[in-house]
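The residues making up each chain are set out below.
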Amino acid sequence: MAIIITDECINCGACEPECPNTAIYEGADDWRYKDGTRIKGKVVLPSGEEVDADAAQTPISDDIYYIVPGKCTECKGFHKEPQCAAVCPVDCCIPDENHVESEETLLARQAFLHN
């Protein structure tokens with residue numbers, strides 16, 4: 001499953017540079033699929049959705065840091081544990097029960113974003 005940042009976030013920013021997928025953004029910041037990945041232009045995501053990787057997407061949160069579920073791999077293929085959770089001083093990076101995914105799916109996403 002993807003990781004979510006809860007509203008206990010203190011906006012310290014410790015998690016953002018740790019994400020190997022650039023899936024973490026500061027509240028109110030636009031995000032793009034291309035950020036920190038090798039994809040660009042029009043692509044078909046593993047989910048089958050067609051997107052423009054270069055286009056700005058609407059922020060998921062305006063108040064606190066947030067994680068884009070479609071870019072989160074729980075650090076699979078990079079680290080043994082999610083790095084955002086490992087560095088968070090208030091333990092607000094937790095599994096997102098609304099985005100439960102298998103390890104196979106997470107590794108496929110990692111390959112899609114970076115290969």
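Residues numbered from 1 in each chain as written. Predicted model: local features only at pLDDT ≥ 70, side-chain atom pairs only at ≥ 80, totals over all residues. Heavy atoms only, no water.

- As annotated in an unreviewed UniProt entry, the protein chain carries the name Ferredoxin and comes from Flavobacterium alvei.

**So, the pattern of salt bridges**
Step number 1: For the coordinates displayed, the defined rule picks out one salt bridge.
Step number 2: Salt-bridge contacts for Glu 101 lead to Arg 109; the nearest nitrogen and oxygen are separated by 2.4 Å. (Salt bridge = Lys/Arg side-chain N within 4 Å of Asp/Glu carboxyl O.)

**A short note on empty space enclosed by the protein**
Where empty space is left in the structure can be found by rolling a water-sized probe over the atoms.
Step number 1: Scanning the model with the defined rule gives two cavities of 30 Å³ or more in all.
Step number 2: A volume near 80 Å³ is recorded for the largest cavity.
Step number 3: Lining the largest cavity are 14 residues; nearest its centre among them are Cys 19, Cys 72, Glu 74, Cys 75 and Cys 84.
Step number 4: Partitioned by chemical class, the residues of the lining of the largest cavity number 10 nonpolar, three polar and one charged.
Step number 5: Every residue lining the second largest cavity is counted, 14 residues in all, and those nearest its centre are Cys 9, Cys 12, Cys 15, Cys 88 and Cys 92.
Step number 6: In terms of residue class, the lining of the second largest cavity is made up of 12 nonpolar, two polar and no charged. (1 Å grid on protein atoms, 1.4 Å probe; cavity = no way out; pocket = protein on both sides within 12 Å on 5 of 7 lines; lining within 4 Å. Points joined across faces, edges and corners; volume = space filled by probe spheres on them. Nonpolar A, V, L, I, M, F, W, Y, C, P; charged D, E, K, R; others polar.)

**Observations regarding the packing of aromatic side chains**
Step number 1: Scanning the model with the defined rule gives two aromatic pairs in all.
Step number 2: A centroid spacing of 5.8 Å and a plane angle of 25° characterise the contact between Tyr 25 and Tyr 66, whose relative ring orientation is stacked. You can see Tyr 25 sitting in strand β2 (residues 24-25) and its partner Tyr 66 sitting in strand β5 (residues 66-67), a full 41 residues away along the chain. Tyr 66 shares its class with Tyr 25; the two are buried.
Step number 3: Arranged with centres 4.8 Å apart and planes meeting at 70°, the rings of Trp 31 and Tyr 33 form a pair that is edge-to-face. The same class applies to Trp 31 and to Tyr 33, which are both buried. (Phe/Tyr/Trp six-rings, centres within 6.5 Å; stacked < 30°, edge-to-face > 60°. Helix = DSSP H or I, 4+ residues; strand = E, 2+ residues; numbered from the N terminus. Buried < 20%, exposed > 50% of the residue type's maximum accessible area, 1.4 Å probe, protein only.)

**Concerning unusual backbone geometry**
Step number 1: In this structure, Thr 22 is a non-glycine residue whose phi angle is positive, near 50°.
Step number 2: Looking at the secondary structure, you find Thr 22 in the loop between β1 (3-5) and β2.
Step number 3: The phi angle at Asp 91 is positive, at roughly 55°, despite the residue not being glycine.
Step number 4: Position of Asp 91 relative to the elements: it lies in the loop between α1 (83-87) and β6 (93-95).

**Re the nonpolar core**
Step number 1: Of all hydrophobic cores here, the largest spans 16 residues; its most connected members are Ile 5, Ile 24, Ile 67, Cys 84 and Cys 93.
Step number 2: When near neighbours in sequence (up to four residues on either side) are disregarded, Cys 93 contacts Ile 3, Ile 4, Ile 5, Cys 15, Cys 84, Ala 85 and Cys 88.
Step number 3: Core analysis: the next-biggest nonpolar cluster, separate from the first, contains 11 residues, Ile 39, Val 43, Leu 45 and Tyr 66 among them. (Core = buried A, V, L, I, M, F, W, Y, C linked by side-chain atoms within 4.5 Å. Contact = heavy atoms within 4.5 Å.)

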